[in-house]
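# Coordinate analysis (summary)
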Amino acid sequence: MIVRSLQRAGHHVTDLSAVGRGVPDLLCTRKGQCFLVEIKNQEGRNRFTPSQVEYYAQVRAPVFVIRTINDVESLINGDLSPINHAKTTINGEKQAING
């Protein structure tokens with residue numbers, strides 16, 4: 001549902017979820033711009049792993065966290081902010097990262 005919604009809005013979506021090692025789940029491009037999407041559910045694994053924090057500290061592209069279809073709509077409308085690379089968390093605790 002998330003991928004289809006992004007595609008309907010004109011984004012090219014590449015599934016990166018099998019890559020692992022902290023790489024976000026989706027690479028999205030549209031009109032020469034790219035961004036990354038990390039999909040988190042409301043329950044269960046709703047936190048960043050140490051490898052994600054490390055990856056986010058190094059990547060320069062915006063990373064958005066999507067938890068609901070409403071988040072997708074906010075992203076499409078430009079109302080969702082990317083994660084703050086300096087305040088990514090592990091297990092609910094803020095982790096200072098350079099970047």
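## Structural notes on the packing of aromatic side chains
The final tally for this structure, using the stated rule, is three aromatic pairs. Each residue in the set Phe48, Tyr55 and Tyr56 is aromatic and connected to the rest through ring pairs, giving one cluster.

## Some words on the environment of Val3
Relative to the elements of secondary structure, Val3 occurs in helix 1 (residues 2-8). Since its relative accessible area comes to 31%, Val3 is described here as partly exposed.

## Looking at unusual backbone geometry
Positive phi values are uncommon outside glycine, yet Arg21 reaches one of about 55°. Summarising the element assignment, Arg21 is placed in the loop between strand 1 (12-15) and strand 2 (26-30). You can call Arg21 exposed: its relative accessible area is 68%. The phi dihedral of Lys31 is positive, around 50°, even though this residue is not glycine. One can find Lys31 in the loop between strand 2 and strand 3 (33-39).

## Looking at the side chain of Asp71
Tracing the backbone through its elements, the reader meets Asp71 in helix 3 (residues 69-76). For the buried Asp71, no salt bridge exists, and the shortest N-O distance to an oppositely charged side chain is 5.4 Å, to Arg67. Leaving out residues up to four positions away in the same chain, Asp71 has contacts with Val65, Ile66 and Leu80.

## Considering the sheet that holds strand 3
Strand order in this open sheet of four strands is 1-2-3-4, and the pairing throughout is mixed. Two strands in the sheet have a free side with no partner beyond their single neighbour: strand 1 and strand 4 (63-66). Taking each pair of neighbouring strands and ignoring which way they run, the sheet shows an average axis angle of 30°. Alignment of strand 3 against strand 4, held across four bridges, turns out to be parallel. By the bridge assignment for strand 4, Val37 is matched with Phe64. Contacting strand 3 and strand 4, helix 3 crosses the sheet at an angle of about 145° to strand 4.

## Some details on the pattern of salt bridges
Applying the stated criterion across every chain yields a total of one salt bridge. Notably, a salt bridge pairs Glu38 with Lys40, separated by 3.7 Å at the nearest N-O pair. Given a relative accessible area of 4%, Glu38 falls into the buried group. By relative accessible area, which is 5% here, Lys40 ends up buried.

Definitions and cut-offs
- Residues numbered from 1 in each chain as written.
- Predicted model: local features only at pLDDT ≥ 70, side-chain atom pairs only at ≥ 80, totals over all residues.
- Heavy atoms only, no water.
- Phe/Tyr/Trp six-rings, centres within 6.5 Å; stacked < 30°, edge-to-face > 60°.
- Helix = DSSP H or I, 4+ residues; strand = E, 2+ residues; numbered from the N terminus.
- Buried < 20%, exposed > 50% of the residue type's maximum accessible area, 1.4 Å probe, protein only.
- Lys, Arg positive; Asp, Glu negative; His and termini not counted.
- Salt bridge = Lys/Arg side-chain N within 4 Å of Asp/Glu carboxyl O.
- Contact = heavy atoms within 4.5 Å.
- Pairing = 2+ DSSP bridges.
- Axes fitted to C-alpha atoms, helices over the stretch in contact; angles between N-to-C directions.

Scope: geometric values only; no functional claims are made or implied.
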